[in-house]
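# Notes for the structure review
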Amino acid sequence: LELEEEEEEGGEPEVMDLEDLGGALQEQEDVSAGPKEMVTASQAKALKKEGYKLIGSHSAVKLCRWTKHQLRGRGGCYKHTFYGITSYQCMEATPSLACANKCVFCWRHHKNPVGKEWRWKTDPPKFIVDTAISTHVKMIKETKGIPGVQRERWLEAHTVRHCALSLVGEPIMYPHINTLLTELHNRHISSFLVTNGQHPTAIDNLVPVTQLYVSVDAPNPTSLVEIDRPLFSDAWERLKTSLTALRDRQQRTVARLTVVKGWNSDDIKGYADLISLGQVSLVEVKGVTFCGKSDASNLNMSNTPWHHEVVSLTSNLMDYLNNLEGGTGIQYGLASEHKHSCSVLLARKDLFYRDGKWMTWIDYDKFHALIEKRHNDPAFTFRVEDYTAVTPPWAVFGSEEEGFDPTDTRVFRKKKKYTAFDEQGIPLKDHEGKSLTETERDELRQLMEERRRELGMNDLNEEGLVLEEKKGGREVVDVSLMFRGMVMGKA
């Protein structure tokens, strides 16, 4: 299974947040003259070890692996497929390393601080943006010697065109987030801002953003506490209020779901009810990225869904959204997918489907022109439809390319694996796309039946089992998946 985010290196991480600092607070400088700095010496050391470049006292940038992939002509991220960004011109950053949640799936392993409100020393937004760009460009320059980097793309990558404010922490907590967004837009850098939905007032006060996300990590209050481990006791109400606030946003809004098998993948109607509160433009559904064992997370590899499972869940979610009792009549469609990162996109047909074509891509020049017009005339408003662009055929859901840009070259691992399966999970084709013989399939079917008997599963249509592990972990055993990812000949 190929993972979307940076791969974890090294051993067990050091875990420290503001709730658990205890004696480590001794590391702080004397703050009698003003607010504390957000990050302690231990936290800074841990973050730097993970490749974060710290900016000032509370911000950071890091080079996304998709930036390096596309520099080498090996494909872009899901935002390239869904929205047409250039991955090698995208900067991943945050103006706030602190967050109000400690999500079980956070691939940063909670080396960043946590907190409910801003109470730290504050750096100016222009300093953050200027330093983030210069630091990002420095990291781009350092990729020159990586084998396969294309010189033309490398030169273009020195100009940042997009900013994903989703690196770590909660960017909307930063007190000057609007000025920071303006600083980005003034440089013709588009903004993709992700919030965890715990600061609804900040959403109300936001200036226009290229695309605004609210993470919807659970379909009900109980699951939200288990998954997000929020600091706020009223986290569920805050999430609902944040989603409702999206209704008044005139630009693109997204409900972002991270699917964690065995934790939050069952209550599809609950998700539909939540998403309907915001009448969002788009719904992203992505399988969780497993980043290795740590003391900060109870997840294991079985909690990571396969792409076909994400597709199935998204299709079911679409059906619920389109048939909500007492709903608004808004209809969503399967617009795009990026199989490489197990991601699927739902889009509102009234906003993004015209003349038989999906329009989920963004006209970035048009967006910046609209922002400039609003700057000159604060009374001016613009809407989602004003800066859409046609989604190319290869990026449309169901295409042969499955969201991989054909101008790039996909590099497959050398291991020989099955490539097609029937409804029960029995392989249909080998690594070269050649159909298996009936004898070969019968042998594999017998292996699956033996595995079912071992687990006490007699019904061929019985769903996977959820087994409790130690320390609150949940291991999902699904026999229909036993041949996916298996190297041929090792059954």
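Our subject in this report is the structure included herewith. Computed from a prediction, not measured in an experiment: that's the story for all the values here.

### What about the pattern of salt bridges?
Considering all chains together, one arrives at 15 salt bridges under this definition. In this structure, the salt-bridge partner of Arg451 is Glu454, at a minimum N-O distance of 3.1 Å. One end of the pair, Arg451, and the other, Glu454, are both in helix H14 (residues 438-454), three residues apart, so they sit about a helical turn from each other. For Arg451, a relative accessible area of 31% translates into the label partly exposed. In this structure Glu454 comes out as exposed when scored by relative accessible area, which is 60%. Several salt bridges share partner residues, and in doing so they unite Lys126, Asp130, Glu183 and Arg187 into one network.

### Section: unusual backbone geometry
In this structure, His188 is a non-glycine residue whose phi angle is positive, near 60°. Checked against the element boundaries, His188 lands in the loop between helix H6 (177-186) and strand S5 (190-195). Judged by its relative accessible area of 39%, His188 falls in the partly exposed class. Of note in the backbone geometry, Asp355 takes a positive phi value of approximately 50° without being a glycine.

### Focus: the sheet that holds strand S9 (residues 332-338)
Taken in spatial order, the 10 strands of this open sheet run S1-S2-S3-S4-S5-S6-S7-S8-S10-S9, and their pairing is mixed. Looking at which strands have only one partner, the edges of the open sheet turn out to be strand S1 (53-55) and S9. This sheet shows a mean twist of 25° between the axes of neighbouring strands, independent of strand direction. As judged from the four bridges shared by S5 and strand S6 (residues 211-215), these two strands associate in the parallel manner. Looking across to S6, one finds that Phe192 is bridged to Gln211.

### Digging into the packing of aromatic side chains
Inspection of every chain in the model, using the stated rule, returns 12 aromatic pairs. Ring centres of Tyr78 and Phe82 lie 5.3 Å apart, and the angle between their planes is 70°; this geometry places the pair in the edge-to-face category. One end of the pair, Tyr78, and the other, Phe82, are both in helix H3 (residues 78-83), four residues apart, so they sit about a helical turn from each other. Like Phe82, Tyr78 is buried.

### Details of the pairing of strand S8 (residues 282-287)
Of all the six residues making up S8, six are buried; the element is thus mostly covered by neighbouring parts of the structure. Burial along S8 is two-sided: the face carrying Leu282, Glu284 and Lys286 and the face carrying Val283, Val285 and Gly287 are both buried. Note: strand S7 (residues 252-259) against S8, six bridges, orientation parallel. Looking across to S8, one finds that Val259 is bridged to Gly287. In this fold, the crossover linking S7 to S8 by way of helix H10 (residues 268-278) has right-handed handedness. In terms of strand pairing, S8 meets strand S10 (residues 343-348) through five bridges, oriented antiparallel.

### Considerations on the environment of Arg252
With respect to the secondary-structure elements, Arg252 resides in strand S7. Sequence-wise, Arg252 and Leu351 are 99 residues apart; in three dimensions their C-alpha atoms are separated by 9.7 Å. Here the side chain of Arg252 touches Gln211 through a polar contact of 2.8 Å, side chain to side chain.

### Examining helix H1 (residues 41-49)
Within the sequence span of H1, burial applies to Gln43, Ala44, Ala46 and Leu47. Within H1, the buried residues cover an arc of 165° as seen down the axis, which keeps them to one side. Every exposed residue of H1 that faces more than 90 degrees away from the buried side is listed here: Lys45, Lys48 and Lys49. Buried residues belonging to H1 abut S1.

### Brief notes about the packing of H10 against helix H11 (residues 307-322)
Contact geometry for H10 and H11: axes closest at 9 Å, N-to-C directions at 55°. Classified by the angle their axes make, H10 and H11 are oblique. The interaxial crossing formed by H10 with H11 has right-handed handedness. Contacts from Ile268, Lys269, Tyr271, Ala272, Ile275 and Ser276 in H10 reach Leu313, Asn316, Leu317, Tyr320 and Leu321 in H11. Class assignment for the residues of the contact of H10 with H11 results in eight nonpolar, two polar and one charged.

Scoring rules and cut-offs
Residues numbered from 1 in each chain as written. Predicted model: local features only at pLDDT ≥ 70, side-chain atom pairs only at ≥ 80, totals over all residues. Heavy atoms only, no water. Salt bridge = Lys/Arg side-chain N within 4 Å of Asp/Glu carboxyl O. Helix = DSSP H or I, 4+ residues; strand = E, 2+ residues; numbered from the N terminus. Buried < 20%, exposed > 50% of the residue type's maximum accessible area, 1.4 Å probe, protein only. Pairing = 2+ DSSP bridges. Axes fitted to C-alpha atoms, helices over the stretch in contact; angles between N-to-C directions. Phe/Tyr/Trp six-rings, centres within 6.5 Å; stacked < 30°, edge-to-face > 60°. Right-handed = clockwise from strand over helix to strand, strands pointing away. Polar contact = N/O pair within 3.5 Å; in protein donor to acceptor, adjacent residues only side chain to side chain. Arc of directions from axis to C-beta. Contact = heavy atoms within 4.5 Å. Parallel < 35°, antiparallel > 145°, perpendicular 65-115°, else oblique. Left-handed = near helix turned anticlockwise from the far one by under 90°. Nonpolar A, V, L, I, M, F, W, Y, C, P; charged D, E, K, R; others polar.

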